[in-house]
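Chain and residue survey
Next come the chains, spelled out residue by residue.
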Amino acid sequence: MLQPLRRSFYNRPTLTVARELLGARLVHMLNGVRLAGIIVETEAYIGEADLACHAKAGRTARTAIMYGPPGHAYVYFTYGMHWLLNAVTETENSPAAVLIRAIQPVEGIEIISARRHGRGTNGPAKLTLALGIDGAQNGLDLCDPASGLWIEPGHPIPEKSVTIGPRVGLNSVPEPWKSMPWRFIVSPNQQA
DNA sequence: AGCACGATGCTCT
DNA sequence: GAGCATCGTGCTT
């Protein structure tokens, strides 16, 4: 088993982390079994000034984790039924995170497929359900294997295979935040 | 292939 | 009380 990405990986500008998480391997231990997928889509949410970022409301019970040290999981509940997974980035008191939006399953594929009733893992709420990630994982240290949730190095994705564009689902977020090109995708035809 | 809509409950105003 | 970093269904092209 590879070592989880170290805290120094997350303690960098959020756009850098979001870009470099493409191709990395997200791992969750569920009932003693490794469930894992290659990250193929991410989005950056950066600080209180970013009106799309939850930290725009300042430090609250929900956002506190983003104000903590980098390399921790920020898992939140939305739309009354979905859990979304983020990796906290940048130094303490600098609230920012990378949303994991899609994975390509590589380990525990049978279990993942069953948990999804045969459907895909190309969505932020789809992959959390697939890997068994929910509020119980909020705040876990992604740099400590004992947490059961971490990210391992993968194959680097070349620039020509990456598509960059605006973040999605920000319907009532004002400009310029709504259109900032802070979404990173491994081009669909490059996803093995 | 694409759009409209309902589900369902937490967070912040 | 409004809005939400979404998803699946069902209907229209």
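Look a little higher up for the structure.
Keep in mind it's a predicted model, so treat the numbers as computed, not measured. (Residues numbered from 1 in each chain as written. Chains lettered and ligands numbered in written order. Predicted model: local features only at pLDDT ≥ 70, side-chain atom pairs only at ≥ 80, totals over all residues. Heavy atoms only, no water.)

Our next topic: the pairing of strand β5 (residues 96-107). Taken across its 12 residues, β5 has 9 buried, putting it largely inside the fold. Sheet analysis places strand β4 (residues 82-88) next to β5, joined by 3 bridges and oriented antiparallel. Looking across to β5, one finds that valine 88 is bridged to alanine 97. (Buried < 20%, exposed > 50% of the residue type's maximum accessible area, 1.4 Å probe, protein only. Helix = DSSP H or I, 4+ residues; strand = E, 2+ residues; numbered from the N terminus. Pairing = 2+ DSSP bridges.)

On to the nonpolar core. One finds Tyr10, Leu21, Leu26, Ile39, Leu85, Ile100 and Ile151 to be the most contacted residues of the largest nonpolar core, which totals 54 residues. In this structure isoleucine 39 touches Leu21, Leu22, Gly23, Ala24, Leu26, Ile100, Ala102, Ile103, Ile151 and Val186, once residues within four positions along its chain are discounted. (Core = buried A, V, L, I, M, F, W, Y, C linked by side-chain atoms within 4.5 Å. Contact = heavy atoms within 4.5 Å.)

Moving on: the protein's contact with DNA strand C. The environment of DNA strand C is made up of 20 residues, and the closest members are His54, His82, Asn86, Arg116 and Ser172. A breakdown of the atoms of DNA strand C within 4 Å of the protein gives sugar and phosphate a share of 62%. One of the side-chain N or O atoms of tyrosine 76 is found 3.2 Å from a base nitrogen in DNA strand C. The backbone of lysine 126 places a nitrogen or oxygen atom 3.3 Å from a phosphate oxygen of DNA strand C. Secondary structure elements with two or more residues in the surface near DNA strand C: β3 (73-78), β4, β5 and α5 (124-131). For the surface near DNA strand C, the class distribution of residues is 9 nonpolar, 7 polar and 4 charged. (Near = heavy atom within 4 Å. Polar contact = N/O pair within 3.5 Å; in protein donor to acceptor, adjacent residues only side chain to side chain. Nonpolar A, V, L, I, M, F, W, Y, C, P; charged D, E, K, R; others polar.)

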